[in-house]
Amino acid sequence: KQEVTQIPAALSVPEGENLVLNCSFTDSAIYNLQWFRQDPGKGLTSLLLIQSSQREQTSGRLNASLDKSSGRSTLYIAASQPGDSATYLCAVRAGANSKLTFGKGITLSVRP
Amino acid sequence: KAGVTQTPRYLIKTRGQQVTLSCSPISGHRSVSWYQQTPGQGLQFLFEYFSETQRNKGNFPGRFSGRQFSNSRSEMNVSTLELGDSALYLCASSPWTGGNTEAFFGQGTRLTVV
C-alpha cells in the first residue's frame, strides 16, 4: 500500500529565503507525482506534474525534482514571498488508471 | 477555459438526512474523481468515474455513491448522514487524452452535519 509522507508538517521562513519542501513515498513504482497548493478553505491548485520518466519540472520560481529509486520528491521555492504562504501537498499516482495518494501536506508561512 | 465547478459551496445538513453534491469538470475532461478532506485524515479517495463508469473506488461505506453523466458532469450522494461525514468534499477532473492524468480540483463543497 502506497504511503506518502511530508515532513515537517509546518514551516515558517522569512521573506526572500529559498526553501525546499520534501515528499517521500514508499512504493517507487509510480506513474507520476503532482504538487499542489491549497489556501485555507479552498480547493487545490496544481503546481507541477512530474512523469515517472522525468527528473524535474520547472514553473517560474518553482522547481520540482523526482528520484523514484529513493522514493523522494522535492519542491524548491526560490525567493519566497508572503503570497507563497499556503499548504503544499504532494500526491503520487501508481498507474495511469490509479487514484492519487496524498501526503498530509506542509503548511508554509512566509514572514514579511 | 472554465475550471472545475462544484456546487453548492456550503451545506448544512442534519444527521440522518441525505445530500447530493455536484461537479462540472473542465470541458473535454473525461475523468472525474472525488476526495474527502478532513483535518485528521487528510485527503482520502472516494471514487473515480470515466466515461460514465466507476473505474476506481476507495474504502468508504456504501452510503457514499456517485455517478457520471454523458456530459462528464458528476454527482456524489451521501445517505444517512453521520456527524463524521462533516468534511470538505473535493472533485478533480483529468483530461485523459494522450495519457494526460494531471488533476485539476474544484473549490470544494464544505459539508457540515449537525
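Everything discussed here concerns the structure shown above.
The structure reproduced in this document is the subject of the present report. (Residues numbered from 1 in each chain as written. Chains lettered and ligands numbered in written order. Predicted model: local features only at pLDDT ≥ 70, side-chain atom pairs only at ≥ 80, totals over all residues. Heavy atoms only, no water.)

1. Observations regarding the sheet that holds strand S8 (residues 74–78) of chain B
All names here are of chain B.
And then number 1: The 4 strands are arranged S1-S3-S8-S7 in an open sheet whose pairing can be described as antiparallel. One side of each edge strand has no neighbouring strand; the edge strands of this open sheet are strand S1 (5–7) and strand S7 (64–68). Across this sheet, the average inter-strand angle for adjacent strands is 15°, counted without regard to direction. (Pairing = 2+ DSSP bridges. Helix = DSSP H or I, 4+ residues; strand = E, 2+ residues; numbered from the N terminus. Axes fitted to C-alpha atoms, helices over the stretch in contact; angles between N-to-C directions.)

2. Things to note about empty space enclosed by the protein
And then number 1: By the definition in use, this model includes 1 cavity of 30 Å³ or more.
And then number 2: Looking at the largest cavity, its volume works out to about 30 Å³.
And then number 3: Surrounding the largest cavity, Arg 93 and Leu 100 of chain A together with Ser 31, Ser 33, Tyr 35, Glu 48, Ala 92, Ser 94 and Ala 103 of chain B form its lining.
And then number 4: Sorting the residues of the lining of the largest cavity by element identifies strand S4 (31–38) and strand S9 (87–94) of chain B as the ones contributing at least two each.
And then number 5: Ranked by residue count, the leading element in the lining of the largest cavity is S4 of chain B, at 3 residues.
And then number 6: Of the residues assigned to the lining of the largest cavity, the class counts are 4 nonpolar, 3 polar and 2 charged. (1 Å grid on protein atoms, 1.4 Å probe; cavity = no way out; pocket = protein on both sides within 12 Å on 5 of 7 lines; lining within 4 Å. Points joined across faces, edges and corners; volume = space filled by probe spheres on them. Nonpolar A, V, L, I, M, F, W, Y, C, P; charged D, E, K, R; others polar.)

These figures come from the coordinates and say nothing about function on their own.
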